[in-house]
Amino acid sequence: MKLPDLTIAGAYDPADFENLLRTGVAAGGRKLGLMTESAPGRFNALSHEEISALHAYLKARADARPNELHSNPTQVLNIMTIW
């Protein structure tokens, strides 16, 4: 399975990122397959503050090291599985 490029999270504005995690629907209303199927059950329990913190972390990582997350997205996926 191909892992997603998590640097794209830095391009989302906070409201669109929260909507993505709560509904699995990307900005512009695009459905994202597995994300659309699993996000509502997996991430809906996160508070607004937790989602904001996750977005800030991913954005900071993407801004600081644009190629690192692209080459090793499992590092952030491991953090997300804690929730």
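Refer to the structure presented above.
Residues numbered from 1 in each chain as written. Predicted model: local features only at pLDDT ≥ 70, side-chain atom pairs only at ≥ 80, totals over all residues. Heavy atoms only, no water.

Turning next to the overall build of the protein chain. Across its full length, the protein chain carries 5 helices and 0 strands. Working note: accessible area of the protein chain is about 5,100 Å², and carbon and sulfur atoms make up 58% of it. (Helix = DSSP H or I, 4+ residues; strand = E, 2+ residues; numbered from the N terminus. Areas by Shrake-Rupley, 256 points an atom, 1.4 Å probe, with all protein chains shown as cover.)

What follows covers the environment of Ile-51. As for its position among the elements, Ile-51 is in helix α3 (residues 48-64). For Ile-51 and Glu-18, which are 33 residues apart along the polypeptide, the C-alpha to C-alpha distance reads 6.2 Å. Other than its neighbours up to four places away in sequence, Ile-51 contacts Phe-17, Glu-18, Leu-21, Arg-22 and Leu-46. (Contact = heavy atoms within 4.5 Å.)

Formed by Ala-9, Tyr-12, Phe-17, Leu-20, Leu-21, Ala-26, Ala-39, Phe-43, Leu-46, Ile-51, Leu-54 and Leu-58, the largest nonpolar core amounts to 12 residues. Every residue in contact with Ala-39, bar those within four places of it in the chain, is listed here: Leu-20, Leu-21, Arg-22, Thr-23, Gly-24 and Asn-44. (Core = buried A, V, L, I, M, F, W, Y, C linked by side-chain atoms within 4.5 Å. Buried < 20%, exposed > 50% of the residue type's maximum accessible area, 1.4 Å probe, protein only.)

This next bit is on the environment of Ser-52. Residue placement: Ser-52 occurs in helix α3. Accessibility expressed as a relative area gives 31% for Ser-52, which makes it partly exposed. Separated by 37 residues in the primary sequence, Ser-52 and Ala-15 place their C-alpha atoms 8.9 Å from one another.

Evaluated as defined, the whole model comprises 1 salt bridge. Among the ionic pairs, Arg-22 bridges to Glu-18, the shortest N-O distance being 3.1 Å. Placement of both Arg-22 and Glu-18 in helix α1 (residues 14-23) is noted, with a separation of 4 residues, approximately one turn of the helix. (Salt bridge = Lys/Arg side-chain N within 4 Å of Asp/Glu carboxyl O.)

Geometric values such as these leave the question of function open.
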